[in-house]
Amino acid sequence: MRIAVPAETMGEPRVAATPETVKKLIGLGGSVAVQSGAGRSSGLTDDSFRAAGATVESDAAATLKDADVVLKVRRPEAADLAHYKRGAAVLAIMDPYGQDEALRAMAEAGISAFSMELMPRITRAQVMDVLSSQANLAGYRAVIDAAEQYGRAFPMMMTAAGTVPAAKVFIMGVGVAGLQAIATARRLGAVVTATDVRPATKEQVESLGAKFIAVENEEFRNAETAGGYAKAMSDDYQRQQNELVASHIAKQDVVITTALIPGRPAPKLVTAAMVRSMRPGSVVFDMAVERGGNCELSKLGEVVDENGVKVVGYHNVPGRLAATASSLYARNLVAFLETLVSKDTKSLAINWDDELVKATALTRDGAVAHPNFAPKPAEPAIV
């Protein structure tokens, strides 16, 4: 079983394997090929991969040649699919929503593509949950980056020259990223408030020492899916929540937004008027900017200055901690790959009836296999 780890493209600094996980992959019975320079942006040298037992190949074609398993951060680009062996299992963050052409290209290439972000949130799969591992780091980094943009101290400081007040930080969306953002802002000494449409998060927010802000009516108490995700809220609830949030944001120094609903554009939570109500020097950090943004004024990859308020829309926030993010992501991949490999034959043996496989398999045998993304049958013609 040959396992390939090609270098990422499109400016992605993370890598899908580390020397630590290379040793584990070899322990599964595989030979590991890593493309030269794949780990450079994560602080991993070719020599460190060689020392772990991997071979280092000069380019993507040589790395991917005859590979039974390919480990990546981002899904394969169409131009590279010609190098992939038909039937190869490809594990990556596939970002499948609205990507019909990319899914069709992978299906036509004959690969079995597994979308790691579709991993079900069950106990067995916790160690494979890439959304949690990467969002946890993103929540931490968002606070660090927001503090740098803020330009003032976060903690209250009592000095001979006077008292410096603590920064007021408001976290919008209390998933994994939001909880880590709360904890990080609290550790830095800020006064932290947070909001979310899911009622279960109130206790989590308060357990971290932050104050919960929300319109707590009947709709709010039923605003969570069985899978733990937020439901889309009614227009009336959004109006009430927006009024409450607008008055609260005007008093904040830093606002960090993390709200996402899988498969949908990011909900607009912060209007231009809300941004303009903040005092100059304040910061809005939009973690959902890659899905359209939670803030009306955010722009992907830019820091927008709106009357002295900075609206930060950094691309790929987990990648801003590439070394740590790669380490956690690579462990997620190994944990999942272990379930796809036979312990007896030390070869790929995918159980297509496994619930983890059913949830994550996008393509199989030349077709898009996932029911959420498979092409819908044509409507019969009406004569």
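Our structure is the block above this text.
Before going into details, it helps to say that this report is about the structure given with it. (Residues numbered from 1 in each chain as written. Predicted model: local features only at pLDDT ≥ 70, side-chain atom pairs only at ≥ 80, totals over all residues. Heavy atoms only, no water.)

### Concerning helix α1 (residues 19-27)
Applied cut-off: The buried label applies to any residue whose accessible area, calculated with a 1.4 Å probe on protein chains only, is under 20% of its type's maximum; exposed applies above 50%, and partly exposed to all values in between. Per the convention used, a helix needs a DSSP run of H or I reaching at least four residues, while a strand needs a run of E reaching at least two, with both numbered from the N terminus. It is the directions from the helix axis to the C-beta atoms that the arc portrays. Residues are treated as being in contact if the distance between any of their heavy atoms lies within 4.5 Å.
Along α1, the residues that are buried comprise Pro19, Thr21, Val22 and Leu25. Relative to the axis of α1, the buried residues are bounded by an arc of 155° and lie together on one face. Set apart from the buried face of α1 by more than 90 degrees, the exposed residues are Lys23 and Gly27. Where α1 is buried, its residues meet β1 (2-5), β2 (31-35), α2 (46-52), β4 (69-74) and α11 (322-338).

### Overview of the sheet that holds strand β15 (residues 309-312)
Here is the rule: Two strands qualify as a pair provided DSSP detects at least 2 bridges between them. Axis definition: a line fit to C-alpha positions, over the contact stretch in the case of helices; interaxial angles, taken between N-to-C directions, run 0 to 180 degrees.
Within the open sheet, the 7 strands sit side by side as β11-β10-β9-β12-β13-β15-β14. Their pairing is mixed. Of all the strands in the sheet, just β11 (211-212) and β14 (303-306) have a single pairing partner and so form its edges. Pairing of strand β10 (residues 191-195) with β11, which is carried by 2 bridges, proceeds in the parallel orientation. Paired with alanine 194 across the two strands is phenylalanine 212, which belongs to β11. With respect to the sheet, helix α5 (residues 130-150) is in contact with β12 (254-257), β13 (283-286), β14 and β15, its orientation differing from that of β13 by roughly 150°.

### Observations concerning the nonpolar core
Basically, it comes down to this: Here, nonpolar core means buried Ala, Val, Leu, Ile, Met, Phe, Trp, Tyr and Cys residues that are tied together by side-chain atoms lying within 4.5 Å of each other.
Grouped together as the largest cluster of nonpolar side chains are 60 residues, with contacts concentrated most on Leu71, Leu91, Tyr329, Phe336 and Leu337. The biggest single contributor to this core is α11, with 6 residues. Once you skip the residues sitting within four places of it in the chain, phenylalanine 336 turns out to touch Leu91, Phe114, Met116, Met119, Met128, Leu356 and Thr360. If you look at the next biggest cluster of nonpolar residues, it comprises 35 residues, including Ile182, Phe285, Val312 and Tyr314.

### Brief notes about the sheet that holds strand β6 (residues 112-115)
Sheet architecture is open: 6 strands sit in the order β3-β2-β1-β4-β5-β6, paired in parallel fashion. Whereas interior strands pair on both sides, the edge strands pair on one side only; in this sheet they are β3 (55-57) and β6. The sheet shows a mean angle of 25° between the axes of neighbouring strands, taken without regard to direction. Of the strand pairs in this sheet, strand β5 (residues 89-93) and β6 are connected by 4 bridges, and their pairing is parallel. When the bridges of β6 are listed, alanine 89 appears paired with serine 112.

### Topic: the environment of tyrosine 237
As for its position among the elements, tyrosine 237 is in helix α9 (residues 235-249). Between the C-alpha atom of tyrosine 237 and that of valine 215, which follows or precedes it by 22 residues, the distance is 7.9 Å.

### Some details on the environment of tyrosine 97
On the secondary structure map, tyrosine 97 appears in the loop between β5 and α4 (100-108). Judged by its relative accessible area of 35%, tyrosine 97 falls in the partly exposed class. For the pair formed by tyrosine 97 and proline 262, sequence separation is 165 residues and the distance between their alpha carbons is 8.4 Å. Residues within four places of tyrosine 97 in sequence aside, it is in contact with Leu118, Pro262, Gly263 and Phe373.

Note that all results are geometric; they support no functional claim without further evidence.
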